[in-house]
Amino acid sequence: MQKQEMPPASLWMRTSVRRRATWHMMLLAFMMILGLTLVSFLFMRGVLMKRVLSQAEAVTMGNAGFVEDGVRAAKYQAALLSAAPQIRQTLAGTLDSDGLTTYFQSLREERPDMLGLAVFDASRRRVAAAGAALTLPAGPHLRSAFHPQLGHDGWDEYDVVTPIRAGETIEGFLVVRTDAAPLLASLMPALPSLGETAKVYLGMEQAQRLILMHPAADTRDRYMLSMGDAGEWYALRLPISLGVRGQQGYLQGRDHMGNHVLAAYSPLPSLGWGLSVQIDRVDALSSVTTLGYALLGVGVVMLMLAAILAAILARELTNPLRELSRKIMNLKPGAWTTAVTVKTGDEVELLDRRLAEMSSRLQALYEHLEQEVGNRTKELKKQYAYDRAILEGIQHGVITVDLHGHVTGANPAALTLLGWDAEEVIGKRIEDTAAIHAAGKTDPITPHPVRKCLLHSIRCTDGTLLPTVFLVSPLLQGRKLFGAVLVFQDVRDERRMDELKSEFITLASHQLRTPLSIVRWHMDLLEEEDHLSARQKDSMGEMRTAASRMSDLLNALLQVAQLEGGGLTPKPMRVDLVQFLRGVSSEAHLIAQRSGIHFAFHPPKQKINTVTDTVLLGITLQNLLTNAVKYSEKGGNVDLTLKRTRRSLEISVTDHGMGIPAKEQRHLFQKFFRAANAKKIQTDGSGLGLYIAKMIVDSLGGSIQVKSEEHKGSTFTISLPHHAQEEKA
Ligand code: ADP
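Residues numbered from 1 in each chain as written. Predicted model: local features only at pLDDT ≥ 70, side-chain atom pairs only at ≥ 80, totals over all residues. Heavy atoms only, no water.

Draft legend 1. Main features of the overall build of the chain. A tally of regular secondary structure across the chain gives 19 helices and 24 strands. Against the compact-globule benchmark of 27 Å for 729 residues, the chain has a radius of gyration of 67 Å, which places it well outside the compact range. Within the chain, the fraction of its 729 residues that count as buried is 38%. Expressed as a percentage of contacts within the chain between residues at least 6 apart in sequence, the contacts between residues at least 24 apart total 56%. Counting every atom, the chain has about 43,500 Å² of accessible surface; 58% of that belongs to carbon and sulfur. With 81 positive and 76 negative side-chain charges, the chain shows a separation of 3 Å between the mean positions of the two kinds. (Helix = DSSP H or I, 4+ residues; strand = E, 2+ residues; numbered from the N terminus. Rg over C-alpha atoms; globule rule 2.2 N^0.38 Å. Buried < 20%, exposed > 50% of the residue type's maximum accessible area, 1.4 Å probe, protein only. Contact = heavy atoms within 4.5 Å. Areas by Shrake-Rupley, 256 points an atom, 1.4 Å probe, with all protein chains shown as cover. Lys, Arg positive; Asp, Glu negative; His and termini not counted. Charge placed at Lys NZ, Arg CZ, Asp CG, Glu CD.)

Written out as structure tokens, the structure reads:
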């Protein structure tokens with residue numbers, strides 16, 4: 001079975017387009033279904049609530065109308081009754097109580113709810129009564145008045161007091177008591193349409209207390225409650241208390257037991273009471289709650305359908321993309337071409353076509369590249385063969401080394417010159433193959449001086465030293481170092497020429513010195529003559545200057561020749577450096593004084609002993625100090641400083657003169673070099689002083705540095721190594 005190839009980490013996907021599309025579509029469907037369900041639920045709920053409330057209001061208004069009508073009818077009937085002859089006869093005393101009772105019995109046949117009857121004369125004395133025992137309520141009773149009678153369970157009965165008139169005069173009063181049940185029963189019929197929890201309440205205020213009545217059809221359900229402070233209930237917006245206070249409307253709130261209700265309320269003006277119809281909110285909205293559950297169920301089903309649909313749609317949408325991605329992933333050498341397979345007619349098809357186009361171009365490019373690489377390789381091989389031939393043909397020895405300094409190759413010239421065999425040399429350390437000896441010394445320089453490439457010799461197998469010129473170059477690939485190349489040349493002839501030059505200079509200098517001494521001696525003699533004219537004396541002066549310049553030049557040339565020829569070997573001895581510099585300073589002082597320069601030596605506080613060649617150091621310091629004075633303006637300062645640092649002993653000569661132009665500073669220590677600014681002002685100079693100084697300091701194992709700025713001055717610093725003996729001193 002072929003093993004499935006794992007994709008590289010860079011091609012690993014956290015998710016896929018299909019999964020994301022499915023999720024997004026599902027999220028959209030979820031939001032839409034949820035939104036739709038919620039909105040329709042809330043809308044339905046609102047509509048239903050509104051409907052129930054307005055229905056309750058209508059019932060309330062109807063009920064209030066019933067009560068009002070009942071009251072009016074009762075008053076009307078009482079007024080009619082007051083005009084009946086039996087009542088008038090009773091008042092006149094012509095009909096006694098029995099007669100009135102008979103009359104009352106006959107009335108009850110028609111109106112069984114009538115419970116009692118009483119007639120009072122104008123002085124409010126009871127004349128006669130039938131049925132229930134009745135009293136005349138206080139008040140003028142100029143017209144019919146309605147007096148509800150509250151019993152234990154609420155409103156049981158009511159009295160209607162009506163004046164008995166003869167024309168305009170009131171002759172007496174008739175009080176009729178009636179059972180309130182038929183009137184209350186008329187309140188109920190409309191309620192079933194509001195549901196089972198619908199209730200009617202009557203309310204009134206008595207001595208600032210709210211009295212609540214529940215006038216149910218069934219007497220067992222009736223009750224009357226004294227609810228306490230009417231003002232508080234009004235503030236709490238108890239529906240019935242709003243009706244009692246003469247307001248009409250509906251609200252969603254709580255009933256006197258704290259239940260959530262939908263309520264409508266209205267005043268009963270003729271009684272000064274209020275009426276309220278209340279429905280339990282949960283019950284009223286139960287249908288809409290059921291609808292909510294139904295919507296939820298439908299929503300869940302729709303969501304499931306949406307999920308399936310989303311998956312199908314996402315598949316449909318992303319298939320071409322997946323196809324495209326598969327094709328791109330499969331592109332590799334040897335399989336560059338792809339065919340157009342996506343037929344969606346949209347951007348993806350466009351992409352597919354572009355991919356096919358690009359892949360065929362890629363194939364052409366790749367083939368071209370392969371050919372190019374083949375050609376280049378051939379060329380490189382050819383070039384390599386040429387280079388190899390050149391390398392093998394040249395007389396220069398060429399050795400290549402790796403990063404660890406092991407020889408990786410050597411050309412025949414190198415092998416012949418050094419006397420090695422090719423097999424022997426490969427892999428050997430460069431120190432063992434081409435040990436480098438400086439200036440003819442027997443000990444090889446360590447570490448191998450790959451950077452210094454002049455006048456070094458290589459020890460051959462026969463023990464002779466081969467003077468060579470080196471060219472050591474690092475081998476780099478980009479910025480990565482992978483070895484070095486050492487190219488060297490036999491410079492025996494050049495070396496010989498140099499030696500001959502030095503010998504000539506030495507000889508010439510020596511030979512010239514003697515005649516020059518004779519010339520100077522004779523000049524001295526001539527100067528002592530008295531008869532010389534002023535002009536002749538001037539000429540003598542000029543000649544003397546020229547002669548001393550020539551003598552200086554000869555001295556310098558001799559020093560150079562000696563140094564270059566290795567003839568000046570330092571003879572170190574123990575010295576008190578401060579003491580030595582004081583001696584140098586006193587000479588410098590005189591030279592400076594002559595040129596009008598202030599000179600100062602700044603010795604360190606402690607004593608510094610070292611081991612060095614004071615003669616050579618003296619020559620160097622003299623050169624530096626002379627230059628400092630020479631290149632300073634009159635009145636300037638020259639300072640000599642000695643200090644000891646952690647790594648070396650530093651002797652500095654500082655001046656504030658013309659300085660050295662920055663771009664010329666790197667040539668400063670070369671033979672015969674003179675800076676342009678110096679040449680302009682000081683024509684007198686050989687350009688050898690600093691060259692000599694550098695050679696001497698090198699031979700003493702130290703170094704010389706310069707810091708200079710044009711027009712500001714220069715500081716030359718000699719750094720000498722601490723010497724072992726110095727520590728003991
Ligand atoms: P020279 O005989 O010309 O002084 P040196 O070798 O002593 O030869 O100095 C080389 C050159 O270095 C000088 O010609 C001068 O240009 C420059 N030079 C050396 N010392 C100083 C210095 N203290 N201030 C300015 N230039 C200097």
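Next, the rest of the story.
Draft legend 2. Expanded view of the packing of helix α1 (residues 17-82) against helix α8 (residues 286-330). Look at α1 against α8: their axes get within 8 Å of each other, and the N-to-C directions meet at 160°. Overall, the two elements α1 and α8 adopt an arrangement that is roughly antiparallel. In the packing of α1 onto α8, the handedness of the crossing is right-handed. Residue composition of the contact of α1 with α8, by class: 24 nonpolar, 9 polar and 4 charged. (Axes fitted to C-alpha atoms, helices over the stretch in contact; angles between N-to-C directions. Parallel < 35°, antiparallel > 145°, perpendicular 65-115°, else oblique. Left-handed = near helix turned anticlockwise from the far one by under 90°. Nonpolar A, V, L, I, M, F, W, Y, C, P; charged D, E, K, R; others polar.)

Draft legend 3. Spotlight on the sheet that holds strand β19 (residues 598-602). Strand order across the open sheet formed by 5 strands is β19-β21-β22-β24-β23, with mixed pairing between neighbours. What marks the edges here is a single partner per strand, and that holds for β19 and β23 (703-709). Strand-to-strand twist in this sheet, taken as the mean axis angle between neighbours without regard to direction, amounts to 10°. Bridge count between β19 and strand β21 (residues 637-644): 5 bridges; the pairing is parallel. Its bridge partner being in β21, His602 is matched across the sheet by Thr641. Across the sheet, helix α16 (residues 614-630) lies against β19, β21, β22 (648-655), β23 and β24 (713-721), angled at about 25° from β22, the strand it touches most. Sheet strands touched by helix α18 (residues 689-699): β23 and β24. Its angle to β23, the strand with the most contacts, is close to 140°. (Pairing = 2+ DSSP bridges.)

Draft legend 4. The arrangement of the site of the ligand in detail. The environment of the ligand is formed by 21 residues, the closest being Asn627, Tyr631, Arg674, Ala675 and Leu690. Arg674 is positioned with one of its side-chain polar atoms (N or O) 2.6 Å from an oxygen atom of the ligand. The protein chains hide 97% of the 530 Å² of surface that the ligand would expose on its own. The pocket occupied by the ligand, as judged from atoms lying within 2 Å of grid points, is the second largest pocket. Broken down by secondary-structure element, the contributors of at least two residues to the shell around the ligand are α16, α18 and β24. Examining the composition of the shell around the ligand, we find that 3 residues originate from one element, α16, more than from any other. Looking at the shell around the ligand, its residues break down into 11 nonpolar, 7 polar and 3 charged. (Near = heavy atom within 4 Å. Polar contact = N/O pair within 3.5 Å; in protein donor to acceptor, adjacent residues only side chain to side chain. 1 Å grid on protein atoms, 1.4 Å probe; cavity = no way out; pocket = protein on both sides within 12 Å on 5 of 7 lines; lining within 4 Å. Sits in = over half its atoms within 2 Å of the grid points.)

Draft legend 5. Highlighting the sheet that holds strand β1 (residues 114-121). As summarised here, the arrangement of the 5 strands in space is β2-β1-β5-β4-β3, forming an open sheet in which the pairing is antiparallel. On the outer flanks of this sheet lie β2 (126-131) and β3 (145-151), each paired with one strand and no other. Between one strand axis and the next, the sheet turns by 20° as a mean value, whatever way the strands run. Across 5 bridges, the pairing between β1 and β2 is antiparallel. Bridge pairing in β2 places Ala118 opposite Ala129. In the packing of helix α2 (residues 85-92) onto the sheet, the strands contacted are β1, β2, β4 (154-166) and β5 (169-179), and the crossing angle to β1 comes to about 45°. Across the face of the sheet, helix α3 (residues 97-110) comes into contact with β1 and β2 while running at roughly 145° to β1.

Draft legend 6. Quick look at the pattern of salt bridges. Counted by the stated rule, this structure contains 18 salt bridges. Asp121 serves as the salt-bridge partner of Arg125, at 3.3 Å between the closest nitrogen and oxygen. Two residues, Asp698 and Lys694, come together in a salt bridge whose shortest N-O distance is 3.1 Å. Residue Asp698 and its partner Lys694 are both found in helix α18; the two are separated by 4 residues, about one turn of the helix. (Salt bridge = Lys/Arg side-chain N within 4 Å of Asp/Glu carboxyl O.)

Draft legend 7. Here's a closer look at the layout of surface pockets. As a volume, the second largest pocket reaches approximately 1,300 Å³. As for the second largest pocket, its lining consists of 45 residues, of which Asn623, Thr626, Asn627, Lys630 and Gly685 are closest to the centre. Counting only elements with at least two residues in the lining of the second largest pocket, the list comes to α14 (534-564), α15 (577-594), α16, α17 (676-681), α18 and β24. Of the residues forming the lining of the second largest pocket, the biggest block, 9 residues, is contributed by α16. Taken together, the residues that form the lining of the second largest pocket break down as 19 nonpolar, 19 polar and 7 charged. (Points joined across faces, edges and corners; volume = space filled by probe spheres on them.)

Draft legend 8. Up close: the side chain of Asn677. Turning to its location among the elements, Asn677 is positioned in helix α17. Take Asn677: its relative accessible area is 12%, and that puts it in the buried class.

Draft legend 9. Summary view of the nonpolar core. With 55 residues, the main nonpolar core has Ile87, Leu117 and Trp155 as its most contacted residues. When residues in this core are grouped by element, the largest group, 12 residues, is from α1. Excluding its chain neighbours within four sequence positions, the residues that come into contact with Leu117 are Leu81, Ile87, Leu100, Phe104, Leu107, Ala128, Ala129, Ala130, Leu134, Leu174, Val175 and Val176. Judged by nonpolar contacts, the second largest core, of 48 residues, contains Ala556, Val578, Val584 and Leu625. (Core = buried A, V, L, I, M, F, W, Y, C linked by side-chain atoms within 4.5 Å.)

Read these as layout, nothing more, since geometry by itself doesn't imply function.
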